[in-house]
Amino acid sequence: MTAPQAARTRPELPSAPQRQARAVRLGARSVAALALVSAVGVAGFAWPLVAGPGSQVNAHSQDAPWLFAGLLVLLVGVVAATISESGLGPKAVAMLGVLAATGAALRPIGAGTAGIEPMFFLLVLSGRVLGPGFGFVLGAVTMFASALLTGGVGPWMPFQMLAMGWFAMGAGLLPGPDRLRGRGELLMLAGYGFVAAFAYGTVMNLAGWPFMAALTSTVAFDPDGAVPANLARFLAYCMATSLGWDLGRAVVTVVLTLTLGATLLKALRRATRRAAFETPVTFREP
(Lines give C-alpha, C1' and ligand atoms only; values in the text may rest on other atoms or scores of the structure.)
Protein backbone atom coordinates (compact mmCIF):
# COMPACT_ATOMS: atom_id res chain seq x y z
CA MET A 1 0.00 0.00 0.00
CA THR A 2 1.41 3.37 -0.98
CA ALA A 3 1.65 6.31 1.39
CA PRO A 4 -1.22 8.26 -0.25
CA GLN A 5 -3.46 5.18 -0.03
CA ALA A 6 -2.60 4.71 3.66
CA ALA A 7 -3.43 8.34 4.31
CA ARG A 8 -6.79 7.92 2.60
CA THR A 9 -7.70 4.78 4.56
CA ARG A 10 -6.56 6.05 7.95
CA PRO A 11 -9.60 6.72 10.19
CA GLU A 12 -10.07 10.31 11.26
CA LEU A 13 -9.70 10.95 14.96
CA PRO A 14 -12.39 13.07 16.65
CA SER A 15 -11.21 16.59 17.08
CA ALA A 16 -10.83 17.94 20.60
CA PRO A 17 -13.52 20.40 21.64
CA GLN A 18 -12.45 23.98 21.11
CA ARG A 19 -12.32 26.27 24.10
CA GLN A 20 -15.11 28.80 23.95
CA ALA A 21 -13.83 32.35 23.66
CA ARG A 22 -14.79 34.86 26.32
CA ALA A 23 -15.49 38.52 25.66
CA VAL A 24 -14.13 39.35 29.13
CA ARG A 25 -11.57 37.34 31.06
CA LEU A 26 -11.95 38.06 34.76
CA GLY A 27 -8.72 38.85 36.54
CA ALA A 28 -8.01 38.88 40.26
CA ARG A 29 -9.10 42.51 40.69
CA SER A 30 -12.32 41.95 38.78
CA VAL A 31 -13.19 38.90 40.88
CA ALA A 32 -12.43 40.85 44.07
CA ALA A 33 -14.62 43.76 42.93
CA LEU A 34 -17.46 41.38 42.04
CA ALA A 35 -17.17 39.67 45.41
CA LEU A 36 -17.26 43.02 47.21
CA VAL A 37 -20.31 44.37 45.40
CA SER A 38 -22.08 41.03 45.77
CA ALA A 39 -21.45 41.00 49.52
CA VAL A 40 -22.79 44.54 49.89
CA GLY A 41 -25.71 43.61 47.65
CA VAL A 42 -26.58 40.59 49.79
CA ALA A 43 -26.55 42.85 52.85
CA GLY A 44 -28.71 45.41 51.03
CA PHE A 45 -31.26 42.77 50.06
CA ALA A 46 -31.32 40.57 53.14
CA TRP A 47 -30.96 42.96 56.07
CA PRO A 48 -34.70 42.87 56.97
CA LEU A 49 -34.47 39.10 57.54
CA VAL A 50 -31.36 39.18 59.75
CA ALA A 51 -31.81 42.39 61.77
CA GLY A 52 -33.51 41.82 65.11
CA PRO A 53 -36.01 44.16 66.79
CA GLY A 54 -33.28 46.06 68.63
CA SER A 55 -31.09 46.62 65.58
CA GLN A 56 -30.13 50.18 64.70
CA VAL A 57 -30.80 49.33 61.03
CA ASN A 58 -34.43 48.62 61.81
CA ALA A 59 -34.68 52.04 63.42
CA HIS A 60 -34.05 53.46 59.91
CA SER A 61 -36.13 50.96 57.94
CA GLN A 62 -37.44 53.68 55.62
CA ASP A 63 -33.97 55.13 55.02
CA ALA A 64 -31.88 51.96 54.70
CA PRO A 65 -33.04 51.05 51.15
CA TRP A 66 -32.07 54.50 49.94
CA LEU A 67 -28.63 54.23 51.54
CA PHE A 68 -28.02 50.79 50.05
CA ALA A 69 -29.28 51.99 46.65
CA GLY A 70 -26.81 54.89 46.62
CA LEU A 71 -23.96 52.62 47.68
CA LEU A 72 -24.82 50.02 45.04
CA VAL A 73 -24.72 52.64 42.29
CA LEU A 74 -21.13 53.45 43.20
CA LEU A 75 -20.10 49.83 43.59
CA VAL A 76 -21.65 48.67 40.32
CA GLY A 77 -19.75 51.50 38.63
CA VAL A 78 -16.53 50.33 40.26
CA VAL A 79 -17.11 46.77 39.08
CA ALA A 80 -17.86 47.90 35.52
CA ALA A 81 -14.72 50.04 35.49
CA THR A 82 -12.61 47.21 36.90
CA ILE A 83 -13.87 44.71 34.34
CA SER A 84 -13.34 47.25 31.57
CA GLU A 85 -9.75 47.75 32.70
CA SER A 86 -9.28 43.97 32.67
CA GLY A 87 -10.02 43.68 28.97
CA LEU A 88 -13.39 44.95 27.76
CA GLY A 89 -12.08 45.84 24.32
CA PRO A 90 -13.81 47.71 21.48
CA LYS A 91 -15.25 44.54 19.97
CA ALA A 92 -16.72 43.50 23.32
CA VAL A 93 -18.11 47.00 23.84
CA ALA A 94 -19.82 46.81 20.44
CA MET A 95 -21.33 43.42 21.30
CA LEU A 96 -22.38 44.77 24.70
CA GLY A 97 -24.13 47.73 23.09
CA VAL A 98 -26.07 45.57 20.61
CA LEU A 99 -27.22 43.03 23.20
CA ALA A 100 -28.07 45.67 25.84
CA ALA A 101 -30.11 47.66 23.33
CA THR A 102 -31.92 44.51 22.23
CA GLY A 103 -32.67 43.51 25.82
CA ALA A 104 -33.88 47.01 26.71
CA ALA A 105 -36.17 47.00 23.67
CA LEU A 106 -37.58 43.56 24.59
CA ARG A 107 -38.50 44.51 28.16
CA PRO A 108 -41.48 46.80 27.37
CA ILE A 109 -43.09 44.09 25.19
CA GLY A 110 -44.65 42.37 28.19
CA ALA A 111 -44.68 45.26 30.65
CA GLY A 112 -47.65 44.79 32.97
CA THR A 113 -48.70 41.49 31.35
CA ALA A 114 -48.30 38.52 33.69
CA GLY A 115 -44.52 38.46 33.72
CA ILE A 116 -44.03 38.10 29.95
CA GLU A 117 -40.43 39.29 29.85
CA PRO A 118 -38.40 37.86 26.93
CA MET A 119 -35.40 39.92 28.04
CA PHE A 120 -34.53 37.21 30.58
CA PHE A 121 -34.22 34.59 27.85
CA LEU A 122 -31.73 36.76 25.94
CA LEU A 123 -29.60 37.38 29.04
CA VAL A 124 -29.43 33.69 29.97
CA LEU A 125 -28.12 32.69 26.56
CA SER A 126 -25.78 35.69 26.25
CA GLY A 127 -24.24 34.98 29.65
CA ARG A 128 -23.82 31.32 28.69
CA VAL A 129 -21.92 32.11 25.49
CA LEU A 130 -19.99 35.24 26.45
CA GLY A 131 -19.05 34.30 30.01
CA PRO A 132 -19.75 35.46 33.57
CA GLY A 133 -17.82 38.74 33.43
CA PHE A 134 -19.55 39.93 30.29
CA GLY A 135 -22.84 38.56 31.63
CA PHE A 136 -22.66 40.68 34.79
CA VAL A 137 -21.93 43.89 32.87
CA LEU A 138 -24.59 43.05 30.27
CA GLY A 139 -27.25 42.41 32.93
CA ALA A 140 -26.53 45.66 34.77
CA VAL A 141 -26.31 47.81 31.61
CA THR A 142 -29.45 46.27 30.09
CA MET A 143 -31.48 46.94 33.21
CA PHE A 144 -30.17 50.52 33.39
CA ALA A 145 -31.05 51.16 29.74
CA SER A 146 -34.49 49.59 30.06
CA ALA A 147 -35.22 51.68 33.17
CA LEU A 148 -34.47 54.84 31.21
CA LEU A 149 -36.59 53.60 28.32
CA THR A 150 -39.62 52.69 30.43
CA GLY A 151 -39.36 55.46 33.03
CA GLY A 152 -38.61 52.95 35.76
CA VAL A 153 -35.93 55.01 37.50
CA GLY A 154 -36.10 54.94 41.29
CA PRO A 155 -34.40 53.59 44.40
CA TRP A 156 -35.15 50.06 43.18
CA MET A 157 -33.09 50.48 39.98
CA PRO A 158 -29.63 49.75 41.51
CA PHE A 159 -31.07 46.60 43.08
CA GLN A 160 -32.47 45.58 39.69
CA MET A 161 -29.11 46.20 38.03
CA LEU A 162 -27.28 44.07 40.58
CA ALA A 163 -29.86 41.26 40.55
CA MET A 164 -29.89 41.14 36.75
CA GLY A 165 -26.09 41.13 36.73
CA TRP A 166 -26.15 38.10 39.03
CA PHE A 167 -28.79 36.47 36.82
CA ALA A 168 -26.69 36.73 33.63
CA MET A 169 -23.40 36.00 35.39
CA GLY A 170 -24.82 32.75 36.81
CA ALA A 171 -25.59 31.53 33.29
CA GLY A 172 -21.93 32.02 32.42
CA LEU A 173 -20.87 29.91 35.41
CA LEU A 174 -22.93 26.86 34.39
CA PRO A 175 -20.88 23.70 33.71
CA GLY A 176 -19.71 22.45 30.33
CA PRO A 177 -19.31 25.69 28.34
CA ASP A 178 -16.84 24.04 25.93
CA ARG A 179 -18.36 20.55 25.63
CA LEU A 180 -22.07 20.48 26.42
CA ARG A 181 -24.17 21.10 23.33
CA GLY A 182 -27.54 20.21 21.89
CA ARG A 183 -30.64 19.21 23.81
CA GLY A 184 -28.80 18.70 27.09
CA GLU A 185 -27.52 22.26 27.08
CA LEU A 186 -30.95 23.68 26.28
CA LEU A 187 -32.54 21.70 29.12
CA MET A 188 -29.88 22.94 31.54
CA LEU A 189 -30.38 26.56 30.44
CA ALA A 190 -34.16 26.21 30.63
CA GLY A 191 -33.91 24.81 34.17
CA TYR A 192 -31.56 27.58 35.21
CA GLY A 193 -33.83 30.23 33.70
CA PHE A 194 -36.85 28.81 35.53
CA VAL A 195 -35.12 28.85 38.94
CA ALA A 196 -33.39 32.19 38.36
CA ALA A 197 -36.66 33.88 37.33
CA PHE A 198 -38.14 33.05 40.73
CA ALA A 199 -34.91 34.01 42.49
CA TYR A 200 -34.88 37.40 40.76
CA GLY A 201 -38.47 38.09 41.79
CA THR A 202 -37.76 37.06 45.38
CA VAL A 203 -34.71 39.28 45.87
CA MET A 204 -36.50 42.22 44.25
CA ASN A 205 -39.36 41.70 46.70
CA LEU A 206 -36.80 42.06 49.47
CA ALA A 207 -35.67 45.39 48.02
CA GLY A 208 -39.16 46.92 48.10
CA TRP A 209 -40.70 45.14 51.08
CA PRO A 210 -39.21 47.42 53.81
CA PHE A 211 -40.89 50.47 52.23
CA MET A 212 -44.32 49.16 53.21
CA ALA A 213 -45.72 50.49 56.45
CA ALA A 214 -46.49 47.77 59.02
CA LEU A 215 -49.88 49.29 59.85
CA THR A 216 -51.18 48.97 56.28
CA SER A 217 -50.86 45.23 55.87
CA THR A 218 -50.30 42.04 57.82
CA VAL A 219 -47.63 41.00 55.30
CA ALA A 220 -45.56 44.21 55.49
CA PHE A 221 -42.16 44.46 57.13
CA ASP A 222 -42.41 45.13 60.86
CA PRO A 223 -39.31 46.90 62.26
CA ASP A 224 -40.30 45.83 65.78
CA GLY A 225 -41.00 42.20 64.83
CA ALA A 226 -38.75 39.22 65.45
CA VAL A 227 -36.83 37.65 62.55
CA PRO A 228 -39.03 34.50 62.28
CA ALA A 229 -42.18 36.64 62.27
CA ASN A 230 -40.81 38.88 59.53
CA LEU A 231 -39.74 35.84 57.52
CA ALA A 232 -43.30 34.52 57.66
CA ARG A 233 -44.59 37.95 56.62
CA PHE A 234 -42.17 38.05 53.71
CA LEU A 235 -43.18 34.61 52.42
CA ALA A 236 -46.82 35.62 52.61
CA TYR A 237 -45.97 38.87 50.81
CA CYS A 238 -44.29 36.94 47.95
CA MET A 239 -47.22 34.54 47.65
CA ALA A 240 -49.75 37.37 47.59
CA THR A 241 -48.01 39.85 45.30
CA SER A 242 -45.49 38.31 42.90
CA LEU A 243 -46.01 34.55 42.60
CA GLY A 244 -48.09 34.83 39.44
CA TRP A 245 -45.71 37.32 37.86
CA ASP A 246 -42.63 35.21 38.68
CA LEU A 247 -44.32 32.08 37.32
CA GLY A 248 -45.12 33.87 34.06
CA ARG A 249 -41.53 35.06 33.74
CA ALA A 250 -40.20 31.56 34.43
CA VAL A 251 -42.53 29.85 31.94
CA VAL A 252 -41.80 32.38 29.18
CA THR A 253 -38.06 31.94 29.74
CA VAL A 254 -38.33 28.13 29.53
CA VAL A 255 -40.53 28.17 26.41
CA LEU A 256 -38.29 30.63 24.54
CA THR A 257 -35.15 28.74 25.54
CA LEU A 258 -36.46 25.41 24.30
CA THR A 259 -37.92 26.79 21.06
CA LEU A 260 -35.48 29.53 20.02
CA GLY A 261 -32.45 28.74 22.16
CA ALA A 262 -30.59 26.55 19.67
CA THR A 263 -30.81 29.20 16.94
CA LEU A 264 -29.74 32.06 19.22
CA LEU A 265 -26.87 30.06 20.75
CA LYS A 266 -25.56 29.25 17.27
CA ALA A 267 -25.78 32.91 16.23
CA LEU A 268 -24.04 34.14 19.39
CA ARG A 269 -21.25 31.58 19.06
CA ARG A 270 -20.74 32.44 15.39
CA ALA A 271 -20.54 36.13 16.25
CA THR A 272 -18.09 35.36 19.06
CA ARG A 273 -15.82 33.37 16.73
CA ARG A 274 -15.85 36.10 14.12
CA ALA A 275 -15.17 38.80 16.69
CA ALA A 276 -12.12 36.84 17.94
CA PHE A 277 -12.23 38.59 21.32
CA GLU A 278 -9.08 36.92 22.61
CA THR A 279 -6.98 37.66 19.51
CA PRO A 280 -4.83 40.75 20.04
CA VAL A 281 -5.21 43.54 17.50
CA THR A 282 -1.99 44.23 15.60
CA PHE A 283 -1.14 46.79 12.97
CA ARG A 284 1.16 46.07 10.03
CA GLU A 285 2.73 48.37 7.53
CA PRO A 286 1.20 48.23 4.05
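A brief structural summary. (Residues numbered from 1 in each chain as written. Predicted model: local features only at pLDDT ≥ 70, side-chain atom pairs only at ≥ 80, totals over all residues. Heavy atoms only, no water.)

Moving on: the overall build of the chain. Tallying secondary structure elements over the chain gives 10 helices and zero strands in all. In the chain, the succession of helices and strands from N to C terminus is α-α-α-α-α-α-α-α-α-α. Evaluated residue by residue, the chain yields a buried proportion of 45% over its 286 residues. Within the chain, counting contacts between residues at least 6 apart in sequence, those at least 24 apart form 81% of the total. Roughly 14400 Å² of accessible area belongs to the chain as shown, and the carbon and sulfur atoms make up 69% of that amount. (Helix = DSSP H or I, 4+ residues; strand = E, 2+ residues; numbered from the N terminus. Buried < 20%, exposed > 50% of the residue type's maximum accessible area, 1.4 Å probe, protein only. Contact = heavy atoms within 4.5 Å. Areas by Shrake-Rupley, 256 points an atom, 1.4 Å probe, with all protein chains shown as cover.)

In this model, helix α4 (residues 90-106) (17 residues) spans 24 Å end to end at C-alpha, consistent with the 24 Å of a helix rising 1.5 Å per residue. Looking only at α4, the buried set comprises Ala92, Met95, Leu96, Leu99, Ala100, Gly103 and Ala104. Down the axis of α4, the buried set is contained in an arc of 155 degrees. They therefore lie on one face. In α4, the exposed residues that point more than 90 degrees away from the buried face are Pro90 and Val98. (Expected span 1.5 Å × (residues − 1). Arc of directions from axis to C-beta.)

This paragraph deals with the packing of helix α8 (residues 183-208) against helix α9 (residues 227-241). Interaxial distance between α8 and α9 falls to 11 Å at its minimum, and their mutual angle equals 120 degrees. One finds that α8 runs oblique with respect to α9. Pair α8 / α9 crosses with right-handed handedness. Facing Thr202, Asn205 and Leu206 of α8, the residues of α9 in contact are Phe234, Tyr237 and Cys238. (Axes fitted to C-alpha atoms, helices over the stretch in contact; angles between N-to-C directions. Parallel < 35°, antiparallel > 145°, perpendicular 65-115°, else oblique. Left-handed = near helix turned anticlockwise from the far one by under 90°.)

Further remarks concern the side chain of Arg269. Here Arg269 lies in helix α10 (residues 243-275). One polar contact links Arg269 to Glu185, side chain to side chain, over a distance of 2.6 Å. (Polar contact = N/O pair within 3.5 Å; in protein donor to acceptor, adjacent residues only side chain to side chain.)

It is worth spelling out a nonpolar patch on the surface at this point. A cluster of nonpolar residues, Phe194, Val195, Leu247, Val251 and Val255, forms a patch on the protein surface that exposes about 410 Å² of accessible area. Of all the elements in the fold, those that place two or more residues in the nonpolar patch are α8 and α10. The element contributing the most residues to the nonpolar patch is α10, with three residues. Along the chain, Val255 turns up in helix α10. Accessibility expressed as a relative area gives 45% for Val255, which makes it partly exposed. (Patch = residues over 30% accessible without salt bridge, like charges linked within 9 Å, V, L, I, M, F, W, Y side chains within 5 Å. Salt bridge = Lys/Arg side-chain N within 4 Å of Asp/Glu carboxyl O.)

Look at α4 against helix α5 (residues 119-130): their axes get within 9 Å of each other, and the N-to-C directions meet at 160 degrees. Here α4 lies roughly antiparallel to α5, going by the angle between them. Relative to α5, α4 is oriented so that their crossing is left-handed. Contact residues: Met95, Leu99, Thr102, Gly103 and Leu106 in α4; Met119, Leu122, Ser126 and Leu130 in α5.

A few words now on the pattern of salt bridges. All told, the structure shown has four salt bridges when counted by the stated rule. The salt bridge partner of Glu185 is Arg128, with a shortest N-O separation of 2.8 Å. One end of the pair, Glu185, is in helix α8; the other, Arg128, is in helix α5, with 57 residues separating them in the sequence. With relative accessibility at 1%, the residue Arg128 sits in the buried group.

Attention now goes to the nonpolar core. If you look at the biggest cluster of nonpolar residues, it comprises 55 residues, and the most contacted ones within it are Phe45, Leu99 and Met164. Broken down by secondary-structure element, the contributors of at least two residues to this core are α2 (28-50), α4, α5, α6 (132-150), α7 (157-172), α8, α9 and α10. In terms of residue count, α7 provides more of this core than any other element does, 10 residues in total. Each residue touching Phe45, except ones within four places of it in the same chain, is listed here: Phe159, Leu162, Ala163, Trp166, Val203, Met204, Leu206 and Ala207. (Core = buried A, V, L, I, M, F, W, Y, C linked by side-chain atoms within 4.5 Å.)

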